[in-house]
Amino acid sequence: MFYYLLKYVLLGPLLRLVFRPRTEGLEHVPSSGAAIVAGNHLSFSDHFLMPAVLKRRITFLAKAEYFTGPGLKGRLTAFFFHSAGQIPVDRSGKEAGQAAIREGLGVLGRGELLGIYPEGTRSHDGRLYKGKVGVAVMALKAGVPVVPCAMIGTFEAQPPGRRIPRIRPVVIRFGEPLDFSRYAGMENEKAVLRAATDEIMYAILALSGQEYVDRYATVVKAEDAGRGAEGRSRFPRMPLS
């Protein structure tokens with residue numbers, strides 16, 4: 001299978017050599033059964049580094065643009081993500097969000113690991129932003145635990161707009177699984193979904209040490225772009241300890 005060829009032969013060894021990723025809390029990821037791994041999203045490299053250190057296969061909900069890009073680069077990117085078993089997600093509206101949830105529930109229904117970035121997009125400035133409630137919907141509907149994950153150092157290695165990553169070590173930190181069984185049957189309650197999502201984001205925050213912004217990243221990113229501040233980091237480099 002191409003996923004394991006990438007992980008163990010083509011890409012995984014290179015990533016471990018270049019980034020020398022240090023993992024913490026890997027024992028918190030269930031060795032079997034369905035679970036969601038919810039992480040912060042600082043860099044394009046996140047898509048490859050987390051799967052490289054996990055012992056199990058993980059399927060990510062990836063933005064549809066990775067599958068529809070023009071030219072040779074677009075075709076190669078689409079081939080890579082399709083071959084790695086990643087699922088394209090249209091982020092253009094409410095119906096698209098429902099489709100993403102259905103795809104995610106399908107992965108969980110097969111007893112697999114599902115990877116998701118609750119912020120919905122990469123952080124453009126290194127801060128952690130408000131999470132979207134889709135992660136809570138899937139956790140409650142599927143009745144599965146959520147493992148918080150923090151990528152540390154990937155923003156400095158490959159911030160948005162940088163094609164070739166800098167060679168530097170990173171830390172991938174996993175927290176204890178979050179159990180939302182107390183909310184069983186309440187996946188249509190907005191207040192419950194918001195509370196569960198915030199709990200997930202605060203767990204990620206505790207692991208990453210980032211500055212937290214209680215607003216959606218897409219909104220702030222658009223505002224910063226309008227002010228000519230796109231890509232400018234207001235977040236100091238995080239220590240790797």
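Residues numbered from 1 in each chain as written. Predicted model: local features only at pLDDT ≥ 70, side-chain atom pairs only at ≥ 80, totals over all residues. Heavy atoms only, no water.

(A) Broad picture of the side chain of R127. The residue R127 is located in the loop between β5 (113–116) and β6 (128–129) in this model. A relative accessible area of 11% means that R127 is categorised as buried. A distance of 3.3 Å separates the side chain of R127 from the side chain of E211, its partner in a polar contact. (Helix = DSSP H or I, 4+ residues; strand = E, 2+ residues; numbered from the N terminus. Buried < 20%, exposed > 50% of the residue type's maximum accessible area, 1.4 Å probe, protein only. Polar contact = N/O pair within 3.5 Å; in protein donor to acceptor, adjacent residues only side chain to side chain.)

(B) Representation of the pattern of salt bridges within the structure. In total, this model carries 8 salt bridges according to the counting rule given. Between E24 and R173 there is a salt bridge, with the nearest N and O atoms lying 2.7 Å from each other. Taken together, the residues E24 in strand β1 (residues 22–24) and R173 in strand β8 (residues 171–174) connect sequence positions 149 residues apart. Residue E24 is classed as partly exposed on the basis of its relative accessible area of 25%. In this structure, the salt-bridge partner of R182 is E199, at a minimum N-O distance of 2.6 Å. Separated by 17 residues along the polypeptide, R182 in the loop between β8 and α9 (190–208) and E199 in helix α9 bring together distant segments of the chain. On the basis of relative accessible area, R182 is assigned to the partly exposed category, the value being 46%. (Salt bridge = Lys/Arg side-chain N within 4 Å of Asp/Glu carboxyl O.)

(C) Representation of the packing of helix α7 (residues 134–142) against α9 in the model. Closest axis-to-axis distance for the α7/α9 pair is 8 Å, and the angle between their directions is 105°. The orientation of α7 relative to α9 falls into the category roughly perpendicular. Across the interface between the two elements, V135, A136, V137 and L140 from α7 touch V192, L193, A196, T197 and I200 from α9. Residue composition of the contact of α7 with α9, by class: 8 nonpolar, 1 polar and no charged. (Axes fitted to C-alpha atoms, helices over the stretch in contact; angles between N-to-C directions. Parallel < 35°, antiparallel > 145°, perpendicular 65-115°, else oblique. Contact = heavy atoms within 4.5 Å. Nonpolar A, V, L, I, M, F, W, Y, C, P; charged D, E, K, R; others polar.)

(D) The side chain of D46, seen in detail. Here D46 is to be found in helix α3 (residues 46–53). For the buried D46, no salt bridge is present, and the opposite-charge side chain at shortest range is R122, 7.3 Å distant. In terms of polar contacts, D46 uses its side chain to reach the backbone amide nitrogen of L42, at 2.7 Å. Not counting chain neighbours up to four residues away, the residues in contact with D46 comprise N40, H41, P51, Y117, M151 and T154. (Lys, Arg positive; Asp, Glu negative; His and termini not counted.)

(E) Layout of the nonpolar core. I36, M138, F180 and I200 are the most contacted members of the largest nonpolar core, which has 32 residues in total. Taken together, the elements giving at least two residues each to this core come down to β2 (35–39), β4 (87–89), α6 (94–109), β5, α7 and α9. Considering each element in turn, this core owes the most residues, 7 residues, to α9. Apart from residues no more than four positions distant in its own chain, I200 is found in contact with A38, V135, V146, L178 and F180. One finds L49, F67, M151 and A157 within the second-largest nonpolar core, a separate group that totals 28 residues. (Core = buried A, V, L, I, M, F, W, Y, C linked by side-chain atoms within 4.5 Å.)

(F) A look at a nonpolar patch on the surface. Taken together, Y4, L5, Y8, V9 and L10 make up a surface patch of nonpolar side chains, about 480 Å² in accessible area. Checked against the element boundaries, V9 lands in helix α1 (residues 2–10). (Patch = residues over 30% accessible without salt bridge, like charges linked within 9 Å, V, L, I, M, F, W, Y side chains within 5 Å. Areas by Shrake-Rupley, 256 points an atom, 1.4 Å probe, with all protein chains shown as cover.)

(G) Inspection of the sheet that holds β5 at higher detail. An order of β1-β8-β7-β2-β5-β3-β4 is seen for the 7 strands of this open sheet, with the pairing classed as mixed. The sheet terminates laterally at β1 and β4, the two strands that pair on one side only. The sheet shows a mean angle of 25° between the axes of neighbouring strands, direction not considered. In this sheet, strand β7 (residues 146–152) lies alongside β2 in parallel orientation, the contact comprising 4 bridges. Across the sheet, the residue bridging to V37 is V147, located in β7. Sitting on the sheet, α7 touches β2, β3 (58–63), β5 and β7, and the angle it makes with β2 is about 165°. Of the strands in this sheet, β2, β7 and β8 touch α9, which is tilted by about 35° from β7. (Pairing = 2+ DSSP bridges.)

(H) Structural detail: α7. Most of α7 is tucked away: 7 of the 9 residues are buried. What α7 keeps buried is the set G134, V135, A136, V137, M138, A139 and L140. At the exit of α7 stands G143, carrying a positive phi of roughly 65°.

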